[in-house]
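# Structure assessment
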Amino acid sequence: GENVEQHPSTLSVQEGDSAVIKCTYSDSASNYFPWYKQELGKGPQLIIDIRSNVGEKKDQRIAVTLNKTAKHFSLHITETQPEDSAVYFCAASKPKGGGNKLTFGTGTQLKVEL
Amino acid sequence: EAGVAQSPRYKIIEKRQSVAFWCNPISGHATLYWYQQILGQGPKLLIQFQNNGVVDDSQLPKDRFSAERLKGVDSTLKIQPAKLEDSAVYLCASSLTAGGSTDTQYFGPGTRLTVL
């Protein structure tokens, strides 16, 4: 089955700096790659996603890049703010009968320091 | 638009007891998912429903876990009997279409289960 690896497990940056989180996936048939933000005591919230027919997507301070050949995808957060502090999860899924089955990475604890 | 609702938010039980969790997905969403999230890990899919039918339950420990989605709306997940290793957050998610391979999954707040 699909395997998603995520690095780093913890990341500490100064406010205003950029943060980058990287993921790799194993199944070349995967075609959907969402990123979720999870705050303490809450469920994961989608922040951005990318489909395999594009290489990059940007939404304000957040961008995601996808390299299908290398089976890598990355989350980039610019101008980080204290409210960006949370756990971030990458995930991957591939077409299957009846919908998408997400396989999640192990998460990155991002801390934005003042 | 109301989000995914789950109850209870917290539950503490003794091992070998039974417990049930409830989920109400976003109105109109055809697909419902139950995930288990152990502390420090990413969510792991337990079961996926499309309307009221099971699409994927390959990672559901069927000797102790069961789930149903009557009438294709609300869903319950049950554990009987619970083990210490079942301590986790149980997340419910829903997505709009039946069969959409890139549909966004929207998550509820989760139920934190502690088994003593």
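Located above this text is the structure these notes cover.
In this convention, every chain numbers its residues from 1, walking through the sequence in written order. Chain letters and ligand numbers both follow the written order, the letters beginning at A and the numbers at 1. Only residues with pLDDT of 70 or above have their local features reported here, since the model is predicted, and side-chain atom pairs are shown and tallied only from 80 upward, although totals for entire chains, interfaces and linings are computed over all residues. Computation of side-chain values covers all heavy atoms of the structure but excludes hydrogens and water.

### Some remarks on the overall build of chain A
What counts here: Strands here mean DSSP runs of E at least two residues long; helices mean DSSP runs of H or I at least four residues long; both are numbered from the N terminus. Under the scheme applied here, a residue whose accessible area is under 20% of the maximum for its type counts as buried, over 50% as exposed, and between as partly exposed, the area being computed with a 1.4 Å probe on protein chains only. For this analysis, residues touch if any pair of their heavy atoms sits within 4.5 Å.
On a plain count of helices and strands, chain A comes out with zero helices and 13 strands. Element order for chain A, N to C, with α for helix and β for strand: β-β-β-β-β-β-β-β-β-β-β-β-β. With the C-alpha coordinates aligned to their principal axes, the bounding extent of chain A is approximately 45 × 30 × 20 Å. For chain A, with 114 residues in total, the buried portion stands at 46%. Considering only intrachain contacts with a sequence separation of at least 6, the fraction spanning at least 24 residues in chain A is 54%.

### Focus on the nonpolar core
Worth spelling out the cut-off: By nonpolar core we mean a set of buried residues, namely Ala, Val, Leu, Ile, Met, Phe, Trp, Tyr and Cys, connected to one another through side-chain atoms within 4.5 Å.
Formed by 24 residues in total, the largest nonpolar core has its most connected members in A:Trp35, A:Phe73, A:Leu75, A:Tyr88 and A:Leu110. Every element with two or more residues in this core is listed here: β2 (10–14), β3 (19–25), β4 (32–38), β5 (45–51), β7 (62–67), β8 (72–77), β9 (86–92) and β13 (108–113) of chain A. When near neighbours in sequence (up to four residues on either side) are disregarded, A:Tyr88 contacts A:Gln6, A:Ile21, A:Tyr36, A:Lys37, A:Ile47, A:Leu75, A:Ile77, A:Gly107, A:Thr108 and A:Leu110. Ranked by size, the runner-up nonpolar core spans 21 residues in total, among them B:Ile13, B:Leu46, B:Phe65 and B:Leu77.

### With respect to the environment of A:Gly55
Here A:Gly55 shows up in the loop between β5 and β6 (56–59). If we ignore the near neighbours within four places in the chain, the residues touching A:Gly55 are A:Ile50, A:Val64, A:Thr65 and A:Leu66.

### Some remarks on the side chain of B:Gln105
Under the convention used in this document: For this analysis, a polar contact is any N or O atom pair within 3.5 Å, provided that within protein one partner can donate a hydrogen and the other can accept it, and provided that sequence-adjacent residues contribute only side-chain to side-chain pairs.
Considering the arrangement of structural elements, one finds B:Gln105 in the loop between β9 (88–95) and β10 (106–107). Engagement of the side chain of B:Gln105 in a polar contact is seen with the side chain of B:Tyr35, the distance being 2.7 Å. Sequence-distant contacts of B:Gln105, defined by excluding residues within four places in its chain, comprise A:Tyr36, A:Asn100, A:Leu102, B:Tyr33, B:Tyr35, B:Ala93, B:Ser94 and B:Ser95.

### Notes on the interface of chain B and chain A
Quite often, the size of an interface is put as the accessible area lost when its parts meet. The test is simple: When two parts are put together, the accessible area they lose, computed with a 1.4 Å probe and summed over both, is reported as buried area. When a carboxyl oxygen of Asp or Glu is within 4 Å of a side-chain nitrogen of Lys or Arg, the pair counts as a salt bridge. Basically, the charged four are Asp, Glu, Lys and Arg, the nonpolar ten are Ala, Val, Leu, Ile, Met, Phe, Trp, Tyr, Cys and Pro, and anything else, Gly included, counts as polar.
Listed by partner, the interface residues are 26 residues for chain B and 24 residues for chain A. Summing both sides of the interface, chain B and chain A together bury roughly 1800 Å²; the carbon and sulfur share of this comes to 47%. Put simply, B:Asp56 and A:Lys101 hold a salt bridge, and the shortest N to O gap is 3.9 Å. Linking chain B with chain A are three residue pairs in polar contact (both at pLDDT 80 or more), by the criterion used here. Looking at the side of chain B that touches chain A, the elements that each hand over two or more residues are β4 (31–37), β5 (44–50) and β6 (53–56) of chain B. In the side of chain B that touches chain A, the residues fall into eight nonpolar, 15 polar and three charged.

### Description of the sheet that holds strand β8 (residues 75–79) of chain B
Residues and elements named next belong to chain B. Put simply, the test is: Paired strands, as defined in this entry, are two strands with at least two bridges between them according to DSSP. Helix axes are fitted to C-alpha atoms over the stretch in contact, other axes to C-alpha atoms as well, and angles between N-to-C directions run from 0 to 180 degrees.
If you walk across this open sheet you meet the four strands as β1-β3-β8-β7, and the pairing is antiparallel. The open sheet has two free edges, formed respectively by β1 (5–7) and β7 (65–68), since each of these has just one partner strand. Taken pair by pair, the neighbouring strands of this sheet meet at an average axis angle of 15°, ignoring direction. Summarising the sheet, β7 and β8 pair through four bridges and their orientation is antiparallel. Bridge pairing in β8 places Ala67 opposite Leu77.

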